[in-house]
Amino acid sequence: LIEALSWAVGDELEGHTLPPVDRMRLITYAGASGGFNPIHLVDEAAKEAGLPGNIAHGMLTVATMGLLFFPYLEHGYVKGFRSRFLGMVSRRRPSRRRSGERRKRDRGGAIVRLRRVRAAGG
Amino acid sequence: VLYERLVELRSELVGNLVERGAVRRFAEAIDDPSPLYVDEGAAARNRYGRIVALLTFPRTFDYGRIEGLELPPAGLIHGEFRIAYERPLLVDEELLRRMELKASYDKQSRRGLLGLLAFERTGEGLQGESVFAANDIVVVTEALRRGIEV
């Protein structure tokens, strides 16, 4: 049976720690999403674009933000989601953690403001 | 502004299935542990009774092309992404999709004159009901816009 969620404004979702983005992740995501821009996959292409290394697809980062909701999806679905890109995620960066803080209730749903937190040393 | 004459132009509708295997591969690619994307039994117990697609899965769809729009093949920056659903996407359902250049505007920044393009990608059911709308802001840097004919 589905238990009702009892979220209050200001509650935090459980954080979710991700492993570092490695080349296999980028290749697998490219295959799953059809995003084959070489700056994500080929060292030379990243260098030519003036980047320190391959960067992750922006939409890979957004997709992993969605992982914050997986414990709750039996109760419903994410109706709206908004993200702004503030920087690049590079293949060489250490892991980062995501957490969410619910800000405001809205007609039975909840607006979740997500913050991206870089792990210590990142 | 960039592509001024293309603003409000839309692509032709493109129809495709939400493929079960594609949803599973997408879930695997981001290590999403939820059984709702892969396990028919678990999905049958959710309120939709079927496997659903992941939040950002609509980015993998083809939305057709806007006649005359030739974006530079490299160097574009993704500035913003948002998506709104009327209901979740279900595997095996057919959706009609299209994209539109909603707006184009310039913005002066420390790094020069940026061109911002606002795209909307929408999916509707076969009865014409809206299922989702995804909005992206794509940033064209000053260096890149020199190569674009407006």
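Colleague: What is the right way to read the overall build of chain B from this model?
Modeller: If you tally the helices and strands in chain B, you get three helices and five strands. Tracing chain B from N to C terminus, the helices and strands come up as β-α-α-β-β-β-β-α. By its C-alpha atoms, chain B is 55 × 35 × 20 Å across when sized along the principal axes. Considering only residue pairs separated by 6 or more positions, chain B has 71% of its internal contacts joining residues 24 or more positions apart. Only carbon and sulfur atoms are counted for the fraction: they give 47% of the accessible area of chain B, which is about 7600 Å². Mean positive and mean negative side-chain charge positions of chain B (21 and 25 charges, respectively) differ by 4 Å.

Colleague: Quick question: what am I supposed to make of the interface of chain B and chain A here?
Modeller: In many reports, interface size means the accessible area that the parts give up when they come together. Contacts between the two partners involve 28 residues from chain B and, on the opposite side, 26 residues from chain A. Considering only the surface of chain B that becomes buried against chain A, Ala29, Ile30 and Leu55 of chain B emerge as the three largest contributors, covering 21% of it. Counting the contacts that link chain B with chain A gives two salt bridges. Residue Glu80 of chain B is joined to Arg82 of chain A by a salt bridge in which the shortest nitrogen-to-oxygen separation is 2.9 Å. Counting every contact that joins chain B to chain A gives eight residue pairs in polar contact (both at pLDDT 80 or more). Going through the elements one at a time, α1 (20-29) and β2 (77-85) of chain B are the ones with two or more residues in the side of chain B that touches chain A. Sort the elements by how many residues they give to the side of chain B that touches chain A and β2 of chain B lands first, with eight residues.

Colleague: It is not clear to me how α1 of chain B should be interpreted in this structure. Could you clarify?
Modeller: Along an α-helix, residues three or four positions apart point the same way, because every turn accommodates 3.6 residues. Those residues of α1 of chain B lying buried are Ala22, Val23, Phe26, Ala27 and Ala29 of chain B. An end-on view of α1 of chain B places all buried positions within 160° of arc, on one side of the element. Buried residues in α1 of chain B make contact with α1 (23-33) and α3 (58-65) of chain A. Just past α1 of chain B, the residue Asp31 of chain B takes up positive phi, approximately 55°.

Colleague: I would appreciate a short explanation of the side chain of Thr64 of chain A in the present structure.
Modeller: All names here are of chain A. Assignment of secondary structure puts Thr64 in helix α3. The exposure class of Thr64 is buried, given its relative accessible area of 9%. Within polar-contact distance, the side chain of Thr64 engages the backbone oxygen of Thr61 at 2.8 Å.

Colleague: Hey, could you run me through the nonpolar core in this one?
Modeller: Nonpolar side chains in soluble globular proteins generally cluster together in the buried interior. Grouped together as the largest cluster of nonpolar side chains are 64 residues, with contacts concentrated most on Val23, Phe57 and Phe132 of chain B. Elements with a minimum of two residues in this core: α1 and α3 of chain A together with α1, β2, β3 (94-109), β4 (112-124) and β5 (130-140) of chain B. In this structure Phe57 of chain B touches Val18, Ala22, Val23 and Phe26 of chain B, once residues within four positions along its chain are discounted. Ranked by size, the runner-up nonpolar core spans five residues in total, among them Leu114, Leu116, Ala118 and Val139 of chain B.

Colleague: Would you mind going over the packing of aromatic side chains with me for this structure?
Modeller: This structure, assessed with the given rule, holds eight aromatic pairs over all chains. Where Tyr29 of chain A meets Phe26 of chain B, the ring centres are 5.7 Å apart and the plane angle is 65°; that geometry is what we call edge-to-face. With one member in each of two chains, Tyr29 of chain A in helix α1 and Phe26 of chain B in helix α1 form a pair that bridges those chains. Among the residues examined, Phe26 of chain B registers a relative accessible area of 0% and is labelled buried. When the centroid spacing of 6.2 Å and the interplanar angle of 50° are considered together, the rings of Tyr85 of chain B and Phe132 of chain B count as tilted. Here Tyr85 of chain B, found in strand β2, pairs with Phe132 of chain B, found in strand β5; they are 47 residues apart in sequence, far enough to count as distant. A relative accessible area of 5% means that Tyr85 of chain B is categorised as buried. Looking at Phe132 of chain B, the relative accessible area reads 1%, which means it is buried. What links up through ring pairs into an aromatic cluster is the set Tyr29 of chain A together with Phe26, Phe57, Phe61, Tyr63, Tyr85 and Phe132 of chain B.

Rules of the game
- Residues numbered from 1 in each chain as written.
- Chains lettered and ligands numbered in written order.
- Predicted model: local features only at pLDDT ≥ 70, side-chain atom pairs only at ≥ 80, totals over all residues.
- Heavy atoms only, no water.
- Helix = DSSP H or I, 4+ residues; strand = E, 2+ residues; numbered from the N terminus.
- Contact = heavy atoms within 4.5 Å.
- Areas by Shrake-Rupley, 256 points an atom, 1.4 Å probe, with all protein chains shown as cover.
- Lys, Arg positive; Asp, Glu negative; His and termini not counted.
- Charge placed at Lys NZ, Arg CZ, Asp CG, Glu CD.
- Buried area = accessible area lost by both parts, 1.4 Å probe.
- Salt bridge = Lys/Arg side-chain N within 4 Å of Asp/Glu carboxyl O.
- Polar contact = N/O pair within 3.5 Å; in protein donor to acceptor, adjacent residues only side chain to side chain.
- Buried < 20%, exposed > 50% of the residue type's maximum accessible area, 1.4 Å probe, protein only.
- Arc of directions from axis to C-beta.
- Core = buried A, V, L, I, M, F, W, Y, C linked by side-chain atoms within 4.5 Å.
- Phe/Tyr/Trp six-rings, centres within 6.5 Å; stacked < 30°, edge-to-face > 60°.

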